[in-house]
Amino acid sequence: MAYLEIINACVHYPVRNTWGTTGEFVRAVDDVSLSLEKGSILGLVGESGCGKSTLSRAIMQLQPLTSGSIILNGVNLSTLPPREIRRRRTDFQMVFQDPYASLNPRMSIFSTLAEALEQREKLKKAEREDAVAELMQRVGLSPEHMYKYPHEFSGGQRQRIAIARAIAPKPALLLADEPVSALDVSIQSQILNLLTDLTQELGISMLFISHDLSVVHYIADNIAVMQRGKIVEYGTADAVFNHPQHEYTQTLLAAIP
């Protein structure tokens, strides 16, 4: 059984003008069905504006569905009240695109990670520092810097901190929305390797979102290609990358330098 199932998901936005709604809709996500097995990585690729981030927000329950279902570990999140969603949020976490905007500049790294760790279990004061140090080491950062603030780190280091915060509550599902697109090319492969290692070590399922098909091919087991709110191609990473069937996938491949 798939850990994450997206069934006929739709997110439609009403078109508005000066006098109100026009009766027409923008179909940002249009009848999308996907599944993600436990411990595997599903890559979702498409150009900007195709609906990738809207779908990820719907999975995170930050954007309501117009219709359809998001089922996580057999539970239909779409039918749960907000209080129950908050209680279950430790099971699914997200890494955002911009490492400069996703961390609170007024919180030290220690405070940020300790807060995330305590979403799952309360720690004694003496235990927090050890837990934060272990978490920082796991993502390739030196624990001696835990009392520094985000502005004292590079973009790649900040993204490592964001990843540490996401895995701190021990989620079973990780959503990574363009996590390397704001980073230097020299740093991107390091972050991709870190994400791959963590999914294997911790048994996490991951939905990896990108506009770059070559990046998705590098990290994902399976790839779904999205265009104008719809999934137009789906298959193993090698099959989609080496033998694309849809014209849009072929166009994405042709755009790779």
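In case you missed it, the structure is sitting above this.
Note that the coordinates shown come from a computational prediction; the quantities given were computed from them, not determined experimentally. (Residues numbered from 1 in each chain as written. Predicted model: local features only at pLDDT ≥ 70, side-chain atom pairs only at ≥ 80, totals over all residues. Heavy atoms only, no water.)

Undergrad: Lay out the overall build of the chain with the relevant residues and their values.
TA: The secondary structure content of the chain amounts to nine helices and ten strands. Compactness check: the chain gives a C-alpha radius of gyration of 19 Å against a globular reference of 18 Å for 257 residues, within 12% of the reference. With respect to the principal axes defined by its C-alpha atoms, the chain has extents near 55 × 45 × 45 Å. Burial statistics for the chain: of 257 residues in total, 48% are counted as buried. Relative to all contacts within the chain whose residues are 6 or more apart in sequence, the contacts with residues 24 or more apart total 66%. If you sum the accessible surface of the chain, you get close to 13000 Å²; carbon and sulfur atoms cover 48% of it. With 24 positive and 28 negative side-chain charges, the chain shows a separation of 9 Å between the mean positions of the two kinds. (Helix = DSSP H or I, 4+ residues; strand = E, 2+ residues; numbered from the N terminus. Rg over C-alpha atoms; globule rule 2.2 N^0.38 Å. Buried < 20%, exposed > 50% of the residue type's maximum accessible area, 1.4 Å probe, protein only. Contact = heavy atoms within 4.5 Å. Areas by Shrake-Rupley, 256 points an atom, 1.4 Å probe, with all protein chains shown as cover. Lys, Arg positive; Asp, Glu negative; His and termini not counted. Charge placed at Lys NZ, Arg CZ, Asp CG, Glu CD.)

Undergrad: Tell me what's going on with the pattern of salt bridges, and back it up with residues and numbers.
TA: Summed over the entire model, instances satisfying the criterion amount to six salt bridges. Residue arginine 27 is joined to aspartate 30 by a salt bridge in which the shortest nitrogen-to-oxygen separation is 3.9 Å. Overall, arginine 27 belongs to the partly exposed group, its relative accessible area being 48%. Taking the shortest distance from any N to any O, the salt bridge between arginine 120 and aspartate 91 comes out at 3.3 Å. (Salt bridge = Lys/Arg side-chain N within 4 Å of Asp/Glu carboxyl O.)

Undergrad: Lay out the sheet that holds strand 8 (residues 205-210) with the relevant residues and their values.
TA: What the six strands build is an open sheet, ordered 6-7-8-3-9-10; its pairing is mixed. On the outer flanks of this sheet lie strand 6 (92-95) and strand 10 (230-236), each paired with one strand and no other. Neighbour to neighbour, the strand axes of the sheet diverge by 20° on average, direction disregarded. The pairing of strand 7 (residues 173-177) with strand 8 spans five bridges and is classified as parallel. Each residue of the ladder has a partner; that of leucine 174, found in strand 8, is methionine 206. The strands touched by helix 1 (residues 52-59) within the sheet are strand 3 (41-45), strand 6, strand 7, strand 8 and strand 9 (222-227), with strand 7 carrying the most contacts at an inclination of about 155°. Strands strand 3, strand 7 and strand 8 of the sheet are contacted by helix 6 (residues 185-202), whose axis makes an angle of about 160° with strand 8. (Pairing = 2+ DSSP bridges. Axes fitted to C-alpha atoms, helices over the stretch in contact; angles between N-to-C directions.)

Undergrad: How would you explain unusual backbone geometry if you had to name every residue and give the values?
TA: The residue asparagine 73 is not glycine, and still its phi comes out positive at about 55°. Overall, the relative accessible area of 54% leaves asparagine 73 in the exposed class. With a phi close to 50°, glutamate 178 is a non-glycine residue in the positive phi region. Of note, glutamate 178 is situated in the loop between strand 7 and helix 6. Assessed through its relative accessible area of 8%, glutamate 178 is described here as buried.

Undergrad: Could you give me a rundown of the nonpolar core, with the residues and numbers involved?
TA: Core analysis: the largest hydrophobic core is formed by 50 residues, its most contacted members being Phe208 and Ile223. The element that contributes the greatest number of residues to this core is helix 3 (residues 109-117), accounting for six residues. Not counting chain neighbours up to four residues away, the residues in contact with isoleucine 223 comprise Leu42, Gly43, Val45, Leu213, Val216, His217, Glu233, Tyr234, Gly235, Thr236, Ala237 and Val240. In this structure, Leu44, Ala172, Leu175 and Leu207 belong to the second largest nonpolar core, which totals 29 residues. (Core = buried A, V, L, I, M, F, W, Y, C linked by side-chain atoms within 4.5 Å.)

Undergrad: A description of a negative patch on the surface should follow, citing residues and the corresponding values.
TA: Together, Glu121, Glu127, Glu129, Asp130 and Glu134 give the surface a local cluster of negative charge. Positionally, glutamate 129 belongs in helix 4 (residues 125-138). (Patch = residues over 30% accessible without salt bridge, like charges linked within 9 Å, V, L, I, M, F, W, Y side chains within 5 Å.)

Undergrad: Explain the side chain of arginine 160 to me, and be specific about the residues and the numbers.
TA: For arginine 160, the location among the structural elements is in helix 5 (residues 155-167). Reaching out from arginine 160, the side chain makes a polar contact with the backbone oxygen of valine 139 at a distance of 2.7 Å. If sequence neighbours within four positions are ignored, arginine 160 has contacts with Val139, Gly140, Leu141, Gln190, Ile191 and Leu194. (Polar contact = N/O pair within 3.5 Å; in protein donor to acceptor, adjacent residues only side chain to side chain.)

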